[in-house]
Amino acid sequence: VVTRDDVEQSLKAIWQYVKDKEQLLKDLHSQIKETEQRLSVKQSERDYWLEYKNVGSKAQANRIMNLEKEIKEVKDDLQTATEYYKNALKALKEENDRLVERHMELSKEQAPEKAVRYLDKSSRREIQENEWLKEEVKMYQKEVSDLKASIQLLEEENIGLVTKLIDGRLQNLR
């Protein structure tokens, strides 16, 4: 025998069971929507990376290659410019050293003249006389060397004549 209370309880249990199932179904639907949304996000991310792999990575690879070429060209230009400036600096230093040396020689040549200007008259006269004496010494030294050369020639000529004379006397004696 089934009573009304039993039926009501049974109906309530069934109704509660259905309600639980509906709630479970709603939860499952919301989980499915969340999963679909996550799937959609992941799918768009996957599509982005596939597109990057197929198109973007090639463009990036080309860009990288171009940048590497530009870097190499800049390095080559830098090396060329460095060599040019090193050579230019070396040439400039040599030119500068040559000019300094020339200036030093001119200064050395002009130093006595400048020093003479600041001396008194008697000292200047002594310097001039000293210069004149140096010139005279040079002339006398030249004359001495010329005379020595003449003497040597005359001695050689005399030796030659004496040798001829002795040879002639030896021949006459024979």
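Nothing here was measured: the structure is a model prediction, and the numbers come from that model.

(A) Local environment of the overall build of the protein. Within the protein one finds two helices and zero strands. Computed over its C-alpha atoms, the radius of gyration of the protein comes to 60 Å, more than 25% above the 16 Å expected for a compact globule of 174 residues. If one aligns the C-alpha atoms of the protein with their principal axes, the spans along those axes are about 195 × 70 × 30 Å. Computed over 33 positive and 36 negative side-chain charges, the inter-centroid distance for the protein is 2 Å.

(B) Focus on the environment of Lys72. Checked against the element boundaries, Lys72 lands in helix α1 (residues 4–117). Separated by 19 residues in sequence, Lys72 and Lys53 have C-alpha atoms that sit 27 Å apart.

(C) Geometry of the UniProt feature "coiled-coil region" (unreviewed entry) in the protein. Mapped onto this structure's residue numbering, the UniProt feature "coiled-coil region" (unreviewed entry) falls at residues 18–157. Helix makes up 98% of residues 18–157 and strand 0%, with an end-to-end C-alpha separation of 159 Å.

(D) Spotlight on a negative patch on the surface. Taken together, the side chains of Glu94, Asp97, Glu101, Glu105, Glu109 and Glu113 make up a negatively charged region of the molecular surface. If you trace the backbone, Glu109 turns up in helix α1. Look at Glu109 and you get exposed, because its relative accessible area is 53%.

(E) Inspection of a nonpolar patch on the surface at higher detail. Among the surface-exposed residues, Val2, Val7, Leu11, Ile14, Tyr17 and Val18 lie close enough to one another that they form a single nonpolar patch of about 560 Å² accessible area. Position of Val18 among the secondary structure elements: in helix α1. Classification of Val18 by relative accessible area gives partly exposed; the value is 37%.

(F) Representation of the packing of aromatic side chains. Inspection of every chain in the model, using the stated rule, returns two aromatic pairs. Their ring planes at 75° and their centres at 5.1 Å tell us that Tyr48 and Trp49 sit as a pair that is edge-to-face.

(G) Looking closely at the pattern of salt bridges. Evaluated as defined, the whole model comprises four salt bridges. Across the salt bridge formed by Arg4 and Glu8, the nearest N and O atoms sit 3.1 Å from each other. In this pair, Arg4 and Glu8 both sit in helix α1, four residues apart, roughly one turn of the helix. With relative accessibility at 65%, the residue Arg4 sits in the exposed group. Close ionic contact of Arg98 with Glu95 constitutes a salt bridge, the shortest N to O distance being 2.5 Å.

(H) Spatial organisation of the environment of Val116. Looking at the secondary structure, you find Val116 in helix α1. The exposure class assigned to Val116 is partly exposed, which follows from its relative accessible area of 24%. In sequence terms Val116 and Ile127 are eleven residues apart; their C-alpha atoms lie 8.1 Å from each other. Contacts of Val116, omitting those with residues within four sequence positions, involve Arg124 and Ile127.

Rules and cut-offs
- Residues numbered from 1 in each chain as written.
- Predicted model: local features only at pLDDT ≥ 70, side-chain atom pairs only at ≥ 80, totals over all residues.
- Heavy atoms only, no water.
- Helix = DSSP H or I, 4+ residues; strand = E, 2+ residues; numbered from the N terminus.
- Rg over C-alpha atoms; globule rule 2.2 N^0.38 Å.
- Lys, Arg positive; Asp, Glu negative; His and termini not counted.
- Charge placed at Lys NZ, Arg CZ, Asp CG, Glu CD.
- UniProt positions renumbered as here; feature names shortened; annotations may be inferred.
- Patch = residues over 30% accessible without salt bridge, like charges linked within 9 Å, V, L, I, M, F, W, Y side chains within 5 Å.
- Areas by Shrake-Rupley, 256 points an atom, 1.4 Å probe, with all protein chains shown as cover.
- Salt bridge = Lys/Arg side-chain N within 4 Å of Asp/Glu carboxyl O.
- Buried < 20%, exposed > 50% of the residue type's maximum accessible area, 1.4 Å probe, protein only.
- Phe/Tyr/Trp six-rings, centres within 6.5 Å; stacked < 30°, edge-to-face > 60°.
- Contact = heavy atoms within 4.5 Å.

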